[in-house]
Amino acid sequence: SGCLPASPEPLSHSGPGCLPSCPDPLSPSPAPLHLRYKKTSSLPSPTSSGGQPAGSDTYKGWLYKWTNYLKGYQRRWFVLSNGLLSYYRTQAEMAHTCRGTITLATAHIEVGDTCHLVLTSGGRNYHLKATSDGESQRWVSALQQAKANTTHMMHQSDDSGDEAPVPQPDRALTQGALKTLASKLDDLSTCNELIGKHGTALQRSLSELEDLRTATDGTDKLKTVNERATLFRITSNAMINACRDFLDVAETHSRKWQRALQYEREQRHHLEETIEQLAKQHNSLERAWREAPSTHPGQRHTHTHTHTQAGDASDENEDTEFFDAMEDSPAFITVTATDHTQHRSVRVDPGSDNMQRRRVRRSRIPDKPNYSLNLWSIMKNCIGKELSKIPMPVNFNEPLSMLQRLTEDLEYSDLLDRAARCESSLEQMCLVAAFSVSSYSTTIHRTAKPFNPLLGETYELDRLDDFGYRSICEQVSHHPPAAAHHVMSQRGWTLWQEITIDSKFRGKYISVMPLGCIHLQFHSSGNHYVWGKVTSTVHNIIVGKLWIDQSGDIEIVNHRTKDTCHLKFVPYSYFSRDLPRKVTGVVADSEGTAHHILSGTWDEKMESAKIVESSRGCGGSEGKQKTVYQTLQPKLLWKKYPLPENAENMHFFSSLALTLNEPEEGVAPTDSRLRPDQRLMEAGLWDEANAHKQRLEERQRLERRKREAQATQALEEGQDFEGFQPLWFERRTDDSTGESTYVYRGGYWESKDRQDWSQCPDIF
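All of these numbers come straight from a predicted model, not from anything done at the bench.

Chemist: Hey, could you go over helix α8 (residues 425–438) for me, with residue numbers and the actual values?
Modeler: Helix length check: α8 (14 residues) gives 20 Å between terminal C-alpha atoms against 20 Å at 1.5 Å per residue, within 8%. Burial within α8 is extensive, with 13 of its 14 residues counted as buried. Between the side-chain oxygen at the start of α8 and the backbone nitrogen of L426 there is a gap of 3.4 Å, and the oxygen is on S424.

Below is the structure:
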């Protein structure tokens, strides 16, 4: 391990240590890389004197850029001009879409192994690959020359007096400072002249003193020497003071000018980023406008990602590319005829009152510190134990609790909003199935462990204003860890679940098995859906790069109509030809007749295709016949939102996850946002977080021992002992399934309105 394969499997054991050799034997032989050079004007060398207008050298050509573990290196068209290295997917994109720009003035150029070079700019590394050593050397020379020219032009611009007009207040301050410096300089000149005059007179007097022959004359001359020496000393002191004043004034104004210059540079950088973002949004709006006329009038349209390139003739499937954050726009457009707004969506009507009232939530958290810790040294003595009972430092956590991870399943709640408007229960089932798959999309890079909630810990998420729902979670049991969750939506549905986590450490991998059922009921139709969760497995605990896989089956049942949907999460296999993270499913009615085929991946998208004809095939395993379905063109049900910019340094959180731990006013004192160790970890103070985590866990162990002692005493006295009772949930028997589960008893939101939390325990 330690090398990135050129065409890597996303679940490979390799790590991002070094780059593959060139050419790549595992991928098709790439087309020859042609480096084009276009001389537009002469440019003085960095060592030459300035004064002449600087032109630009333009280089164009194909290079291979590392994108992600799924796609590996992708062919991109690079253009080097005016100290900026821009790249595009095709040459035709130069007219309308730039996928990224690297400023060479602040970039570091590093030549790697054969055919490779690495550019570091703004804290991000760009791994590029050429097809030959000659092409690589020419690119390196061009980049280094462009960087030197850009640096030279910046210095030349700083030294030049032909700057843009300065605002009037700044001009007055500058002129005042220059006048002060000129006055101090005049004082220095005057002192210099006086020192010269008095020094000459003193030297002449000393010469005369040496030539004296009588004591009488010596007394008079000595008096004259003392007077002139005094004048020389006074003048020298005045010179020293004038120099000190000049230096103080110069240093004071120098610091002011340096701060002003730094501010202007930051403003310019911010303006460049803003312009680039506006260009991306403009491109997104253009695409949405081009795609909107093709929508059928009566058809309900789903989300369209802005990075989909219509009419692209490239041989690679751009729709499946993800996590190339600098290339893909982080926004998307929702085209719909209703008033419904979606998470991370942009309404076409920017003047609506709803948009003006919506709270602006945070879009980033502090970067994750780079702390190294050996997981195997902690877990080698824990093989076979339940994961929740293993004491773990926060180094292996992410700054979210399990309650917040449950709430994160609502990231694609718009699927349920659309399902509530469906008249067909079978089409509604397809959307419910897509929602059940979408909850795993955020786990693809999230190998860290969420915090185990304390007993009685709660978490609320009130998004009535923007998404139309309210969510409340409570930890109802600690061993085994179990959480109850209730969501009420104003858009026609209610969801509730009780999930118990059973996890085992097997040495080479960790298995997390959620036990329990998820219930979903639609208000208008009364359709009641129930399903479970699949097993999550984290691989390469001992050695290699951690990666996560989802495997197992999900059976979704509509207890009113008896419709069913069987989803299969295909486990990853090195020898399988199937698409990694593949999910397949069949939607059938109460009689077992299949109506829809579902297909996709749990980390990217799901599609449904309506079955028009089915027939029995041959060649099944164990003598069974296969069923062959003839379907219509697949229809997109769900597609994953792009990750926010810099997500790799923010625990790979999605846009919703970034807001889950954002401080809120008026929440219960047991809310996860108020948990100190989790809050400190998010701020990057991991040592302090570990100390608070140990304190909270020890306090929880003492509370458990106290309850056990009370239960033992009650048993000896023949009395009943209820034990811990959740505050907001109670156990009931479900009418549809007959199962006993925790359901919301009510009262939380009323207590929040009154700000009456007197019944809440002090757990933090």
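After presenting the structure, the write-up continues.
Chemist: Run through the state of the cysteines, naming residues and quoting values.
Modeler: By the definition in use, this model includes 0 disulfides. As a non-bridged cysteine, C422 has C430 as the owner of its nearest cysteine sulfur, 8.7 Å distant. Taking relative accessible area as the criterion, C422 reaches 22% and is therefore assigned partly exposed.

Chemist: Describe the pattern of salt bridges, and please don't skip the residues or the numbers.
Modeler: Taken as a whole, this structure holds 26 salt bridges when the rule is applied. As a salt-bridge pair, R361 and E664 come within 2.9 Å of each other at their nearest N and O atoms. Placement of the pair is R361 in the loop between α4 (353–357) and α5 (375–379) and E664 in the loop between α9 (655–660) and α10 (676–682), with a sequence separation of 303 residues. A salt bridge links E698 to R701, with the shortest nitrogen-to-oxygen separation between them at 3.1 Å. Remark: R701 and E698 occur in helix α11 (residues 686–716); sequence separation between them is 3 residues, near one turn of the helix. Each of E398, R405, E408 and R446 takes part in a single network of salt bridges with overlapping partners.

Chemist: Residues and numbers for the packing of aromatic side chains, please.
Modeler: Counted according to the given criterion, the structure contains 14 aromatic pairs. Relative to Y73, the ring of W66 has its centre 5.4 Å away and its plane inclined at 70°; by these criteria the two rings are edge-to-face. The buried category is assigned to Y73, whose relative accessible area is 8%. An aromatic cluster of at least three residues, connected via ring pairs, comprises W728, Y748, W749 and W757. The ring of Y73 has K129 lying over it, and the distance from NZ or CZ to the ring centre is 4.5 Å.

Chemist: Describe the UniProt feature "coiled-coil region" (unreviewed entry) in the protein chain, with residues and values.
Modeler: Here the UniProt-annotated "coiled-coil region" (unreviewed entry) positions come out as residues 261–288 and 692–719. The distance separating the terminal C-alpha atoms of residues 261–288 is 41 Å; by composition the span is 100% helix and 0% strand. Annotation note: span residues 692–719, helix share 89%, strand share 0%, distance between end C-alpha atoms 37 Å.

Chemist: Account for the environment of H96, naming residues and giving values.
Modeler: Positionally, H96 belongs in the loop between β4 (84–88) and β5 (100–103). Separated by 184 residues in the primary sequence, H96 and K280 place their C-alpha atoms 9.6 Å from one another.

Chemist: Would you mind going over unusual backbone geometry in detail, with residue names and values included?
Modeler: Between H479 and P480 the backbone carries a cis peptide bond, its omega angle lying at 0°. The topology assignment puts P480 in the loop between β15 (469–477) and β16 (482–489). Here N82, not a glycine, exhibits a phi torsion of approximately 55°, which is positive. Not every positive phi belongs to a glycine, and F652 is a case in point at roughly 60°.

About the criteria used
- Residues numbered from 1 in each chain as written.
- Predicted model: local features only at pLDDT ≥ 70, side-chain atom pairs only at ≥ 80, totals over all residues.
- Heavy atoms only, no water.
- Helix = DSSP H or I, 4+ residues; strand = E, 2+ residues; numbered from the N terminus.
- Expected span 1.5 Å × (residues − 1).
- Buried < 20%, exposed > 50% of the residue type's maximum accessible area, 1.4 Å probe, protein only.
- Polar contact = N/O pair within 3.5 Å; in protein donor to acceptor, adjacent residues only side chain to side chain.
- Disulfide = S-S within 2.5 Å.
- Salt bridge = Lys/Arg side-chain N within 4 Å of Asp/Glu carboxyl O.
- Phe/Tyr/Trp six-rings, centres within 6.5 Å; stacked < 30°, edge-to-face > 60°.
- Lys NZ or Arg CZ within 6 Å of the ring centre and 35° of its normal.
- UniProt positions renumbered as here; feature names shortened; annotations may be inferred.

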